[in-house]
Amino acid sequence: MPELPEVETVRRSLQGLVLHKKITRVEIFKPALLALGDEAAFAGLAGLELAAVNRRGKYLLFSLDTPQPLFWVVHLRMTGKLLYHQQGEPLQKHDHARLQFADGSELVYNDTRAFGRFWLAGDPAQVSGLNSLGLEPLDAGFSAEYWQEKIKRRPKCQVKAALLDQRMVAGLGNIYADEVLFQAGVHPERPLGSLTAEENQRLAVAMREILQASIEQRGTTFRDYVDGNNQKGGYQEFLRVFQKSGQPCPNCGQAIERIKVAGRSSYFCPHCQTK
């Protein structure tokens, strides 16, 4: 958390707020935030403009207006937030970085657990993790055939673990993996080698539909996640199994169960998602 829908919502919320604004000052209050330790390089962004805000998987990519390509890459990890407001607001306890703009606004990075990371790179493919991402379910090239090709070399891997592996498919995390498996009617512990062509087709469709539906609701907020305007998402009202252990399945009425898969809590219906 945040997963693809939340990061995409942050991107959309910031795009209309920070594009083409000149940076006047960059302050890094927690140097460990910088994956490459290049604090002086970030300070050197003063005088540049933000030319574009893009996203790849769970990464945000801010393109800077420079003669040679330069990207500020952000991974929010578990509790990171990028909050836009006017200069003069007091810094909060977990504010770890701040970009100030010439028009009197600023972008503040807040992160309670401080797991997020920043990079500066001439090519986003140079960023560790970003350079090994699989396709996203919303990419034009994503299909059941793509998914089956990615998983065929790991027949014993559990499907929940595969959905969480960003090298297989980018953007899914614990929330949406559980929702995808429920919609597709697939048990989270199923080995990949046991999945039928029909089940893989249902998984591919569910990945696309679940992520798109969440983006339309501006993501899922349980506690920390907000967009660049400090607004919460609404998809938590549409979740069918995630964190609903003991509650009735919306399809059959049987109690939702919780187990551990790939070290993560996994929620499923034992009737609708049989092994």
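Residue numbers restart at each chain and count upward from 1, following the sequence in its written direction. Local features are withheld for residues below a pLDDT of 70 in this predicted model, meaning they are given only at 70 or higher, and side-chain atom pairs are given and counted only at 80 or more; totals for whole chains, interfaces and linings count all residues. Side-chain metrics rest on all non-hydrogen atoms present in the structure, leaving aside hydrogens and water.

### A few points about the overall build of the protein chain
Each helix corresponds to a stretch of at least 4 residues labelled H or I by DSSP, and each strand to a stretch of at least 2 residues labelled E; elements are numbered beginning at the N terminus. Each helix and strand counted, the protein chain has 6 helices and 10 strands in total. Atoms counted for the radius of gyration: C-alpha only. Globule rule: 2.2 Å times the number of residues to the power 0.38. Taking 2.2 N^0.38 as the reference for a compact globule, 275 residues should give roughly 19 Å; the C-alpha atoms of the protein chain span a radius of gyration of 20 Å, in line with that estimate. Going through the 275 residues of the protein chain one by one, you find that 52% of them count as buried. With residues, only the protein chains shown are counted as cover, and all accessible areas are computed by Shrake-Rupley using a 1.4 Å probe. Surface accessibility of the protein chain: about 12200 Å² in total, with carbon and sulfur atoms responsible for 47%. Averaging the locations of the 34 positively and 30 negatively charged side chains of the protein chain gives two centres separated by 5 Å. Exposure is judged per residue with a 1.4 Å probe applied to protein chains only, and the accessible area is read against the type maximum: over 50% gives exposed, under 20% gives buried, and values in between give partly exposed. Counted as positive: Lys and Arg. Counted as negative: Asp and Glu. His and the chain ends are not counted at all. In plain terms, the charge of a residue is placed at NZ if it is Lys, CZ if Arg, CG if Asp and CD if Glu.

### So, the sheet that holds strand β5 (residues 80–86)
Read from one edge of the open sheet, 4 strands run β1-β6-β7-β5, paired in antiparallel fashion. Where the open sheet ends on each side, the last strands, each with one partner, are β1 (23–28) and β5. Here the average twist between neighbouring strands, direction ignored, is 15 degrees. Of the strands in this sheet, β5, β6 (95–101) and β7 (105–111) touch helix α1 (residues 4–18), which is tilted by about 30 degrees from β5. DSSP calls a pair of strands paired once it identifies at least 2 bridges connecting them. To obtain an axis, a line is fitted to C-alpha atoms, over the contacting stretch when the element is a helix, and the angle between two such axes runs from 0 to 180 degrees between their N-to-C directions. Should any heavy atoms of two residues lie within 4.5 Å, those residues are counted as being in contact.

### Brief notes about the pattern of salt bridges
Counted as salt bridges are all cases of a side-chain nitrogen of Lys or Arg within 4 Å of a carboxyl oxygen of Asp or Glu. One pass over the structure, following the stated rule, counts 18 salt bridges. Note that E8 and R55 form a salt bridge whose closest N and O atoms lie 2.8 Å from each other. Placement of E8 in helix α1 and of R55 in strand β2 (residues 50–56) is noted, with a sequence separation of 47 residues between them. In this pair, the class of E8 matches that of R55, namely buried. Via salt bridges that share partners, E8, R11, R12, R55, R56 and E136 belong to a single interconnected network.

### Some points on the sheet that holds strand β8 (residues 117–121)
Ordered by their spatial adjacency, 4 strands build an open sheet running β2-β3-β4-β8, and the pairing between neighbours is antiparallel. With one partner strand each, in any of the chains shown, β2 and β8 form the two edges of the open sheet. Ignoring strand direction, the axes of neighbouring strands in this sheet form an average angle of 20 degrees. When β2 meets strand β3 (residues 59–64), the two strands line up antiparallel, connected through 6 bridges. Its bridge partner being in β3, N54 is matched across the sheet by L61. Packing against the sheet, α1 makes contact with β2 and β3, and its axis sits at approximately 170 degrees to β2.

### Some points on the packing of aromatic side chains
Aromatic pairing here means that ring centres of Phe, Tyr or Trp (its six-membered ring) are within 6.5 Å. Orientation follows from the plane angle: under 30 degrees is stacked, over 60 is edge-to-face, and everything else is tilted. Considering all chains together, one arrives at 10 aromatic pairs under this definition. Relative to Y146, the ring of F142 lies with its centre 5.5 Å away and its plane at 55 degrees, an arrangement referred to as tilted. This pair shows no difference in class: F142 is buried, exactly as Y146 is. Arranged with centres 5.4 Å apart and planes meeting at 70 degrees, the rings of F242 and Y267 form a pair that is edge-to-face. With a gap of 25 residues between them, F242 in the loop between α6 (197–216) and β9 (257–261) and Y267 in strand β10 (residues 264–268) connect regions that are remote in the sequence. Its relative accessible area of 10% is what places Y267 among the buried residues. An aromatic cluster is defined as three or more aromatic residues linked by ring pairs; in this entry it consists of F42, F62, W72, Y109 and F118.

Read these as geometric descriptors, not functional statements.
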